[in-house]
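Now for the letters of each chain:
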Amino acid sequence: MEKKNSIRNTTRTQKVSDNLSNVKLSLLIPPLLILLLIFFYFIFLNEESFVDGYINVQRDLFYFLNRNLSKFPNLQFNLTQLGDVLIFFPLITIFFIYFPKLWEALITSALLSLIVSAALKRLFAMPRPAAVFENEGFFIIGRTLRGNTSLPSGHSIATFIVISIILFAFMPKKTVNKIAWAFFMILVGLILAFSRVGVGAHYPLDVIIGSLIGYAVVVIGIVINNKLNWLTWIKNQRYYPFFILAFIIWAALIVKKIIEENLPIYYLAVIALIITVALMTSIYAKRKN
């Protein structure tokens with residue numbers, strides 16, 4: 001039985017590796033075309049300045065979405081935490097053991113996204129909704145953000161990094177199943193990303209653009225990782241003590257957040273980390289024996 005499970009796990013691991021190896025740069029074409037069309041409109045077709053046109057064209061949509069999504073404040077506040085890598089990444093740490101190639105791509109994409117997000121936020125310097133609209137006119141859940149860092153939504157980028165990697169890693173073979181899988185994952189990603197509008201932190205286009213960027217970053221990150229293979233060492237079990245310690249510290253940081261805000265989503269992240277640490281410890285102990 002143990003031998004059969006081992007063979008089955010190896011097959012699944014290989015399937016994920018093969019799926020990620022099949023990701024090509026041509027997958028960048030759809031998101032880049034959409035991004036180009038969006039910016040072409042605001043730069044060349046809109047008569048207002050970029051900032052004014054960007055805000056005004058989606059003002060009504062922002063109010064509509066914010067008003068309706070904020071009817072579920074607890075749900076929106078929990079969902080929006082998944083745009084924080086400190087919370088979302090732990091939920092898939094179990095893949096670190098069984099699908100290390102997925103985490104190689106995740107780390108590469110996450111590092112790349114830090115550069116892209118910081119550069120674009122500085123480039124566009126788009127004021128947040130709370131810095132433009134009367135705060136009494138819409139709902140703010142959580143902290144009030146007023147800086148010029150609205151475009152793109154960093155939370156949406158982070159969300160779609162995770163969503164896109166899972167999308168590619170577990171892509172089915174049949175076309176019908178591929179379509180259904182892609183539709184489901186994109187829908188989940190958008191539900192999570194639009195929580196940023198629900199809490200009053202971003203405009204709708206911030207979220208859409210951030211989601212497209214997150215997807216694009218993943219495609220680039222996977223291709224880079226496939227060519228360089230610079231993180232293949234993380235699957236080596238002799239490094240498990242390092243990662244076990246890192247995950248324990250990670251869990252402690254989330255416990256600190258629980259003490260401050262006590263959100264259910266934080267508990268799920270901690271539980272996921274504890275399970276991963278327990279499994280990694282067990283595997284490492286067996287290796288030593």
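Look above for the structure.
Definitions and cut-offs
Residues numbered from 1 in each chain as written. Predicted model: local features only at pLDDT ≥ 70, side-chain atom pairs only at ≥ 80, totals over all residues. Heavy atoms only, no water. 1 Å grid on protein atoms, 1.4 Å probe; cavity = no way out; pocket = protein on both sides within 12 Å on 5 of 7 lines; lining within 4 Å. Points joined across faces, edges and corners; volume = space filled by probe spheres on them. Helix = DSSP H or I, 4+ residues; strand = E, 2+ residues; numbered from the N terminus. Nonpolar A, V, L, I, M, F, W, Y, C, P; charged D, E, K, R; others polar. Phe/Tyr/Trp six-rings, centres within 6.5 Å; stacked < 30°, edge-to-face > 60°. Buried < 20%, exposed > 50% of the residue type's maximum accessible area, 1.4 Å probe, protein only. Core = buried A, V, L, I, M, F, W, Y, C linked by side-chain atoms within 4.5 Å. Contact = heavy atoms within 4.5 Å. Salt bridge = Lys/Arg side-chain N within 4 Å of Asp/Glu carboxyl O. Axes fitted to C-alpha atoms, helices over the stretch in contact; angles between N-to-C directions. Parallel < 35°, antiparallel > 145°, perpendicular 65-115°, else oblique. Left-handed = near helix turned anticlockwise from the far one by under 90°.

Draft legend 1. Local environment of empty space enclosed by the protein. Counted under the stated rule, the structure contains 1 cavity of 30 Å³ or more. For the largest cavity, the calculated volume is near 30 Å³. Taken together, Phe160, Ile163, Ser164, Leu167, Met185, Ile186 and Tyr215 make up the lining of the largest cavity. Of all the elements in the fold, those that place two or more residues in the lining of the largest cavity are helix H10 (154-169) and helix H11 (175-193). Partitioned by chemical class, the residues of the lining of the largest cavity number 6 nonpolar, 1 polar and no charged.

Draft legend 2. Just the packing of aromatic side chains, in detail. Evaluated as defined, the whole model comprises 29 aromatic pairs. Arranged with centres 5.2 Å apart and planes meeting at 70°, the rings of Phe62 and Phe138 form a pair that is edge-to-face. Here Phe138 lies in the loop between helix H9 (129-132) and H10 and Phe62 lies in helix H4 (residues 59-69), a separation of 76 residues in the sequence. The residues Phe62 and Phe138 share a single accessibility class, namely buried. Within the aromatic cluster, the residues linked to one another by ring pairs are Phe39, Tyr41, Phe42, Phe50, Tyr54, Phe62, Tyr63, Phe124, Phe133, Phe138 and Tyr203.

Draft legend 3. Main features of the nonpolar core. Counting 85 residues, the largest nonpolar core has Tyr54, Trp103 and Ile209 as its most contacted members. The greatest single-element share of this core, amounting to 11 residues, is contributed by helix H13 (residues 204-228). Setting aside its immediate chain neighbours within four residues, Tyr54 contacts Phe42, Ser49, Met126, Leu151, Tyr203, Leu205, Asp206 and Ile209.

Draft legend 4. A look at the pattern of salt bridges. For the structure on display, the rule yields 2 salt bridges. The residue Glu104 makes a salt bridge to Lys101 at a minimum N-O spacing of 3.9 Å. You can see Glu104 and its partner Lys101 sitting in helix H8 (residues 100-124), 3 residues apart, about one turn around the helix. Accessibility classification places Glu104 together with Lys101 in one group, the buried group. Across the pair Glu260 and Lys256 runs a salt bridge, and its minimum N-O distance is 2.7 Å. You can see Glu260 and its partner Lys256 sitting in helix H14 (residues 240-261), 4 residues apart, about one turn around the helix.

Draft legend 5. Geometry of the packing of H10 against H11. The N-to-C vectors of H10 and H11 enclose an angle of 165°; their axes lie 9 Å apart at closest approach. If you check the angle between H10 and H11, you find them roughly antiparallel. As H10 runs across H11, the sense of the crossing is right-handed. For the pair H10 and H11, the contacting residues are Ser156, Thr159, Phe160, Ile163, Ile166 and Leu167 in the first and Trp181, Ala182, Met185, Ile186, Val188, Gly189, Leu190, Leu192 and Ala193 in the second.

Draft legend 6. Quick look at the packing of helix H2 (residues 29-45) against H13. Look at H2 against H13: their axes get within 9 Å of each other, and the N-to-C directions meet at 145°. Note on packing geometry: the crossing formed by H2 with H13 is left-handed. Facing H2, whose interface residues are Pro31, Ile34, Leu35, Ile38, Phe39 and Phe42, H13 presents Leu205, Ile209, Leu212, Ile213 and Tyr215. Looking at the contact of H2 with H13, its residues break down into 11 nonpolar, no polar and no charged.

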